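# Working through the structure, step by step
Residues per chain are reported as follows:
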Amino acid sequence: MPDAATPVFVRSDRILLLLSAVFVLAAGFAHFGDWNSVLTFLVAAAAVGVLAALVGHSVDQLGDRFGAGATGVLQSALGNLPELFICLFSLQHGLVDVVRAALVGSVLANLLLVLGLAFVAGGLRHGTQQLGSHRARTVTVLMLLSVTALSIPSVAYWIHTPASHHEDALSIVVSALLLGLFALSLPASLRRHDDEAQPAGIHEHPRWPVWLAIGMLAGAGVLAAFVSEWFVDALQPAMHALNISEVFAGLVVVAIAGNAVENFVGIQLAAKGQSAYAFSVVLNSPLQISLVLGPALVLISQASGMAGLTLVFSPMLVVALLLAVILTAFISFDGESTWLEGATLVVLYGIIAAAFWWG
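Residues numbered from 1 in each chain as written. Predicted model: local features only at pLDDT ≥ 70, side-chain atom pairs only at ≥ 80, totals over all residues. Heavy atoms only, no water.

### A word on the pattern of salt bridges
Rules: Only one rule defines a salt bridge in this text: a Lys or Arg side-chain nitrogen within 4 Å of an Asp or Glu carboxyl oxygen. Secondary structure elements are defined from DSSP: runs of H or I of at least 4 residues count as helices, runs of E of at least 2 residues count as strands, and each element is numbered from the N terminus. In this scheme, a residue with accessible area under 20% of its type's maximum is buried, one over 50% is exposed, and one in between is partly exposed, where area comes from a 1.4 Å probe on protein chains only.
Applying the stated rule across the entire model yields one salt bridge. The residue D97 makes a salt bridge to R100 at a minimum N-O spacing of 3.7 Å. One end of the pair is D97 and the other is R100, both in helix α5 (residues 96-126) and three residues apart, which spans about a single turn. For D97, a relative accessible area of 41% corresponds to the partly exposed category.

Okay, here's the thing in structure tokens:
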């Protein structure tokens, strides 16, 4: 049996590390070698996705050392790092519409596309899936409340209330309150529950020692910062070359590239029959986007002199966001799901994405 301090790499670990090295190097050559803008963009997007997967795998290697709740929160927080970097560099380039669409698109991608694919993968293999964990329902309620709060500045702007003339100030107030709500929710999220065993099959292979997992997290985070900047540098030329709008680029391309962790982990867990755990993993990311990432970007942009980001979204974005959250809540509250419900969520995501193709 290997010593606890000895790194143990199974075949899947080696493949992930190899892919990370290959795509990061390719993205660097593309960026500094003045490759075709579309090819540079695609390679950088792939590198962002692979690094996000490496972050998620490194957190998963920590396993139950921090408890399931703490591990889930940590995985979502660090899994959103590439998207945070992408949004910050986009704001530096003045791509505010891309950032707004990316925030909404990340929530939509997780609630409709990833969750739908997880339901399909789990439902086809295991039949009706049970989702009735206390944590999953709590996360769903927080998700519904936080998205509703995010929508208030937009509604105030549309109906021309006196607050519509102070969208910067209102966005700052809402952002500060949502960050406070996240802080209040942390103790419950981090608490261990007696009935919350680590799902079977998650650590069927030898785990990495803690020092290696933390080192991989730090290394992947640093690399993600560089690759995200290259991604954003190639984004505008690629949008022009492909004739796609800023909104579609943010809603679909940036959102999917920045959420590779949940894309992979949630679907994999559902396919293994761990539907309740998969549900919690998938929902943790959009919850942190609405409670932490979006509000943090508003405060950073207002304080740093970047292009000012506010929480005023277009009516179509808000409607799509609210519909996605309401449908997810409706599916989860009965405590079970089927593959057909998952297929419906995926189709709805495709329809929403198509509606934004022209802007």
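### Section: the packing of aromatic side chains
By convention here, two paired aromatic rings are described through the distance between centres and the angle between planes. The criterion, for reference: The aromatic pairing rule takes the rings of Phe, Tyr and Trp, using the six-membered ring of Trp, and pairs them if the centres are within 6.5 Å, calling planes under 30 degrees apart stacked, those over 60 edge-to-face and the rest tilted.
Inspection of the entire model under this criterion finds three aromatic pairs. Relative to F231, the ring of F41 lies with its centre 5.1 Å away and its plane at 35°, an arrangement referred to as tilted. Linking F41 in helix α2 (residues 37-62) with F231 in helix α8 (residues 210-242), this pair joins segments that are 190 residues apart in sequence. Taking 4.8 Å as the distance between ring centres and 80° as the angle between the ring planes, the aromatic pair formed by F248 and W357 counts as edge-to-face. Of this pair, F248 sits in helix α9 (residues 246-257) while W357 sits in the segment after α13 (339-355), and the two are 109 residues apart along the sequence. Classification of F248 by relative accessible area gives buried; the value is 12%.

### Looking at unusual backbone geometry
With a phi angle near 55°, D34 is a residue other than glycine that sits in the positive phi range. Within the element layout of this structure, D34 appears in the loop between α1 (11-32) and α2. Relative accessible area serves as the criterion here: at 68%, D34 is assigned to the exposed category.

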